[in-house]
Amino acid sequence: MDGGHLTIENVTQLLHQHTFPASVEAALLAIRECSMFTRQDLSMLANQFIFCHSSSTSNTNSTQKIWSKTLNNIQELHTLDLIRQFLENQSDSSAANRVFDMIFLDILSDKDHPLFTLYYNSFLKFLSLVISFESKTALTIIARWFLTLSKATTDTFITKIIEHIIRDHIALAITKSVNNLCIISPLFTLCFINQTCILLDSETFHIDTKVIQTLIELLTFGLTNSTNSLVLTLQQEFLAENDSSLFNFVPSIVRLDILFPMRHSIESTSLRLQFDHFHTSILSFLFSMVTNNSYENQVFQKHLFPLNYFEQIPVTIQDSTEHDKLINECIQRYLQIFAICRTSSLPLVQLSINELGKSFPLLTRDKLFDILKEKEEHIHMDKEKSTNDAESKRTERLARLKELHLRRNEARKLNHAEVIEEDHRKNLPTNYERRCERVKNQEDNLKRRHEAATNGLDYERIEQLEWTAEDCDKWEKKRKKKTPNVGFDNYEQCTYRAYTKLTAQIKPDMEACNKQKEELGEDYYATASSMIHGTHKPSDAAVNRMVEDLDQQYSKRGKFSRRRAFDIDADIDYINERNRAFNKKIERYYGKYTAEIKQNLERGTAV
């Protein structure tokens, strides 16, 4: 059917032809592909063919519809798993987000919708299924939906969902689960940690001590083993200018760490020990953030804590009616975190310790407050000292700057004079310097000749006496730089020279070579066992090329006539031309061995 004439009624008729679960898969494909329909039509399509909800008329009000589910629990779980698999298999993240919005978002965003309760229960089951199967795409889509939902409404709905996960799925909470969750979807992990801390910090949230201990253990493990992943994801959200209140777990986890002894009675030794580990992991996490001086981290630190955050916590501690021991413990934790947040070059807390002590005298009862106050005073004194040193250094730098200005002016004058001189040299002839040098050498030569003639000496002999052996060797090498071709010593050299000349004239035909390589296969590179003799038939062009080359060699050989040097004064030791050539060859090979015997025979002194 043509997509331009496709209507929602046609799609509904086509989906009615399928039975469960094929109808669910067909409806998911229809929602993904039919983007021309309205959101309401696609949402009702999902309600009818994915969740298979049926409506009936109310007994009390005939105009009111009552919705109920027709699928049993197994079919419902099968449907949710098909949705999960469909989202995971989408290569385009925007298509997966659009399908999720059409299925859940429109109904769950309106609490007054008649289908809200059914969809809410289905979504909780879907979320449990996604966490169990560690579905990265679905968890990231849910986290993005949480972000959209937090902008439109309050966070109570999201908190209820996290509370459901904590209460009904705490059996899944093992030490590796948060670490795995950080690897799969860091964004959802941030939301989970933030909402969990908010719930544990709430006075209205009551839960078993063992569950609290398990949650604290999970948070500790996540902070210790997934620090880089959590911080990197937080930085990305801050740089993207998204709403950080949903994912920024740092304020809520710090508040939970400080005020937890006041919210929950820590009577169990194991819970006390686990909570101490939790506090240590928070201190380590904060220290790793303040020591990172990257640009992204600096932007991230500026908006990490809300305004007046560190002033609000002492107010809560001061208004508490708990035992002094618990209050002192909270104060100690608060000051430890406050000290770490002040250690950065870009402090996370702008409030000084003196101002904090004046506003909240209760904090001065701890020894750590005096240590922090003394350290802050030392820092203040060092700053004043550095200010005075900076003033003296400033005066010194100004004097040095003045000296540099004077040097710059002097260099400018010298450069200007050099530019004028260079321009003058450019206007001279090209060989002006060489001509001047030649004229100077001629004048020196004439002067030395005149002095030699005055003293009655031979000028040429005087000049030769000044020549060194190295100068003579240089002149000799220069004279013999181009050695004439005097022939060859043996026929091997002659053959090699002829071979080199012939191979230099060869122009290989790569197309014919590749063609022959394809025809011969492995026999192209012949081995001892290859039988290719007589199988090659040269082309007519190759034969003609060889004939032309041989003709050129014959013509060149016929025209060749080398003039051989003939010494008239040499001794005649031959009887004919053939004997002369033979004697010359013998002299070439054995002359150096028979030179002394030959000289003795000529002198008549041979023994």
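Residues numbered from 1 in each chain as written. Predicted model: local features only at pLDDT ≥ 70, side-chain atom pairs only at ≥ 80, totals over all residues. Heavy atoms only, no water.

**A word on the overall build of the chain**
Consideration 1: In terms of regular secondary structure, the chain is built from 26 helices and 2 strands.
Consideration 2: Here the chain holds 607 residues, and 32% of them are scored as buried.
Consideration 3: For the chain, long-range pairs separated by at least 24 residues make up 69% of all intrachain contacts whose partners lie at least 6 apart in sequence.
Consideration 4: Of the roughly 41400 Å² of accessible surface on the chain, 53% is carried by carbon and sulfur atoms. (Helix = DSSP H or I, 4+ residues; strand = E, 2+ residues; numbered from the N terminus. Buried < 20%, exposed > 50% of the residue type's maximum accessible area, 1.4 Å probe, protein only. Contact = heavy atoms within 4.5 Å. Areas by Shrake-Rupley, 256 points an atom, 1.4 Å probe, with all protein chains shown as cover.)

**A word on the packing of aromatic side chains**
Consideration 1: One pass over the structure, following the stated rule, counts 1 aromatic pair.
Consideration 2: Judged by centre distance (6.1 Å) and plane angle (25°), the ring pair of Tyr 334 and Phe 338 falls under stacked. You can see Tyr 334 and its partner Phe 338 sitting in helix H17 (residues 324-341), 4 residues apart, about one turn around the helix.
Consideration 3: Assessed through its relative accessible area of 0%, Tyr 334 is described here as buried.
Consideration 4: Residue Phe 338 is classed as buried on the basis of its relative accessible area of 2%. (Phe/Tyr/Trp six-rings, centres within 6.5 Å; stacked < 30°, edge-to-face > 60°.)

**Side note on the pattern of salt bridges**
Consideration 1: Evaluation of the coordinates by the stated rule reveals 8 salt bridges.
Consideration 2: A salt bridge links Arg 333 to Asp 276; the shortest N-O distance between them is 3.3 Å. In this pair, Arg 333 is assigned in helix H17 and Asp 276 in helix H14 (residues 269-290), connecting sequence segments 57 residues apart.
Consideration 3: Judged by its relative accessible area of 5%, Arg 333 is buried.
Consideration 4: Accessibility expressed as a relative area gives 32% for Asp 276, which makes it partly exposed.
Consideration 5: Residues Glu 460 and Arg 449 are paired through a salt bridge, measuring 3.2 Å at the closest nitrogen-oxygen approach. Of this pair, Glu 460 sits in helix H21 (residues 459-465) while Arg 449 is found in helix H20 (residues 432-454), placing the two residues 11 residues apart along the sequence.
Consideration 6: Note on Arg 449: relative accessible area 38%, which makes it partly exposed. (Salt bridge = Lys/Arg side-chain N within 4 Å of Asp/Glu carboxyl O.)

**Focus: helix H5 (residues 93-108)**
Consideration 1: Here H5 contains 16 residues, and its C-alpha end-to-end distance of 21 Å stays within 8% of the 22 Å for a straight helix at 1.5 Å per residue.
Consideration 2: A maximum bend of about 50° is found in H5 at Asp 101.
Consideration 3: Residues of H5 that are buried include every one of Ala 95, Ala 96, Val 99, Phe 100, Met 102, Ile 103, Phe 104, Leu 105, Ile 107 and Leu 108, and no others. (Expected span 1.5 Å × (residues − 1). Bend = angle between axes of the 7 residues up to and from the residue.)

**Structural notes on the confidence of the model for the chain**
Caution applies to low-pLDDT regions: their predicted coordinates should not be interpreted in detail.
Consideration 1: Here the chain shows a mean pLDDT of 76. Residues at 70 or above account for 81%.
Consideration 2: Across the chain, the secondary-structure element scoring lowest on mean pLDDT is helix H9 (residues 175-184), at 56, and the one scoring highest is helix H26 (residues 577-603), at 89.
Consideration 3: Contacts of residues 171-176 to residues separated by more than four positions or lying in other chains number 9 contacts, the stretch itself having pLDDT below 50. (pLDDT = per-residue confidence, 0-100.)

**Quick look at the nonpolar core**
Consideration 1: Counting residues in hydrophobic clusters, the biggest one holds 55 residues, and the most contacted among them are Phe 249, Val 250, Val 254 and Leu 286.
Consideration 2: No other element matches H17, which puts 10 residues into this core.
Consideration 3: Setting aside residues up to four positions removed in sequence, Val 254 forms contacts with Ile 282, Leu 286, Phe 305, Tyr 309 and Ile 337.
Consideration 4: The next biggest cluster of nonpolar side chains, apart from the first, holds 53 residues, and it includes Ala 27, Leu 42, Leu 115 and Ile 161. (Core = buried A, V, L, I, M, F, W, Y, C linked by side-chain atoms within 4.5 Å.)

**With respect to a negative patch on the surface**
Consideration 1: A surface patch of like charges, here negative, comprises Asp 571, Asp 573, Glu 587 and Glu 602.
Consideration 2: Examined against the element boundaries, Asp 571 turns out to sit in the loop between helix H25 (540-559) and H26.
Consideration 3: Here Asp 571 falls in the exposed class, since its relative accessible area comes to 58%. (Patch = residues over 30% accessible without salt bridge, like charges linked within 9 Å, V, L, I, M, F, W, Y side chains within 5 Å. Lys, Arg positive; Asp, Glu negative; His and termini not counted. Charge placed at Lys NZ, Arg CZ, Asp CG, Glu CD.)

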